[in-house]
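Commentary on secondary and tertiary structure
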Amino acid sequence: MNRISQSAWIPALCLGLCLIASESAIGGQNPKLKIGDAAPDWTDLPGTDEKLHSLADLKGKQVVVLCFTCNSCPYAVDYEDRMIALQRKYADDARGVVLVAINANKKSSESLEKMKERAQEKSFPFAYLMDETQQTADAYVASFTPEFFVLNKDRRIVFMGAMDDKTDASQVSVRYVELAIEAAIEGHLPETQEVPARGCAIPYKRTRK
């Protein structure tokens, strides 16, 4: 394999491995949380709006959709428009549904300043927060970007995993997060409660034992 063709092949392989890893490693099972558990709290996470955000701030909302995402993962970037559309769909809904995006990635392209640039460029209609300590992502055992959690009015987890059934937006036929939102509003669990997330692995900082 010559140098040029090899350089083109490696990124494609990497992206493929990211997707394969997400579908095989998590298997739709969170090692710490289960459906019906109380959602882990988060407090004073800085947002791209230069404010501090906490889960308690959303007490007036019936449903909270939490998405762990980032600036640089191609899968996360691909889902941005779907996330924007989801928040806009429920923006004027009196039932109270809100999307919150959290970035726990630790690299220069994921700094708060870079997040602000991305939020402005895309006109995010939702809060985009930085989890610098990675404590929030760790509490949810979020493994990939994007990865979604739907919380009901009692802040119990009713769904975990992928937003929908296809990475290609034009091929989506099942919107798991939207189904979970509607189920939560009606006071019951969605038919599908866990779906393996698809995306890039969150690079957690290693700690010495």
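Residues numbered from 1 in each chain as written. Predicted model: local features only at pLDDT ≥ 70, side-chain atom pairs only at ≥ 80, totals over all residues. Heavy atoms only, no water.

Turning our eyes to something else, we now look at the pattern of salt bridges. Enumeration according to the criterion identifies 13 salt bridges in this entry. Across the pair Glu50 and Lys116 runs a salt bridge, and its minimum N-O distance is 3.5 Å. Residue Glu50 is located in the loop between strand 1 (45–46) and strand 2 (52–53), and its partner Lys116 is located in helix 3 (residues 112–122); the two are separated by 66 residues in the primary sequence. Classification of Glu50 by relative accessible area gives exposed; the value is 67%. Take Lys116: its relative accessible area is 19%, and that puts it in the buried class. Across the pair Lys116 and Glu113 runs a salt bridge whose closest N-O atoms are separated by 3.4 Å. Taken together, the residues span about one helical turn, with Lys116 and Glu113 both in helix 3 at a distance of three residues. According to the relative accessible area criterion, Glu113 is partly exposed, its value standing at 49%. Shared partners join several salt bridges into a network, and the residues in it are Asp78, Arg82, Asp164 and Arg198. (Salt bridge = Lys/Arg side-chain N within 4 Å of Asp/Glu carboxyl O. Helix = DSSP H or I, 4+ residues; strand = E, 2+ residues; numbered from the N terminus. Buried < 20%, exposed > 50% of the residue type's maximum accessible area, 1.4 Å probe, protein only.)

Any covalent bond linking the sulfur atoms of two cysteines counts as a disulfide. For the coordinates displayed, the defined rule picks out one disulfide. The side chain of Cys73 participates in a disulfide bridge whose partner is Cys200; the two sulfur atoms lie 2.4 Å from each other. Residues Cys73 and Cys200 share a disulfide whose torsion about the S-S bond is about 80°; that sign makes it right-handed. Remark: Cys200 occurs in strand 10 (residues 200–201) and Cys73 occurs in the loop between strand 3 (63–69) and helix 2 (74–90); sequence separation between them is 127 residues. Under the relative-accessibility criterion, Cys200 is labelled buried at 11%. Cys67 takes part in no disulfide bond, and the closest cysteine sulfur, belonging to Cys70, lies 9.4 Å away. (Disulfide = S-S within 2.5 Å.)

Glycine aside, the phi torsion of most residues is negative, and most peptide linkages are trans. Cis rather than trans, the peptide bond between Thr145 and Pro146 has omega equal to 0°. For Pro146, the position within the fold is in the loop between strand 6 (144–145) and strand 7 (147–151). The backbone phi angle of Glu50 is positive, close to 65°, even though this residue is not glycine. Its identity as a non-glycine residue notwithstanding, Arg155 has a phi of 60°, on the positive side. Within the fold, Arg155 resides in the loop between strand 7 and strand 8 (157–161). Judged by its relative accessible area of 13%, Arg155 falls in the buried class.

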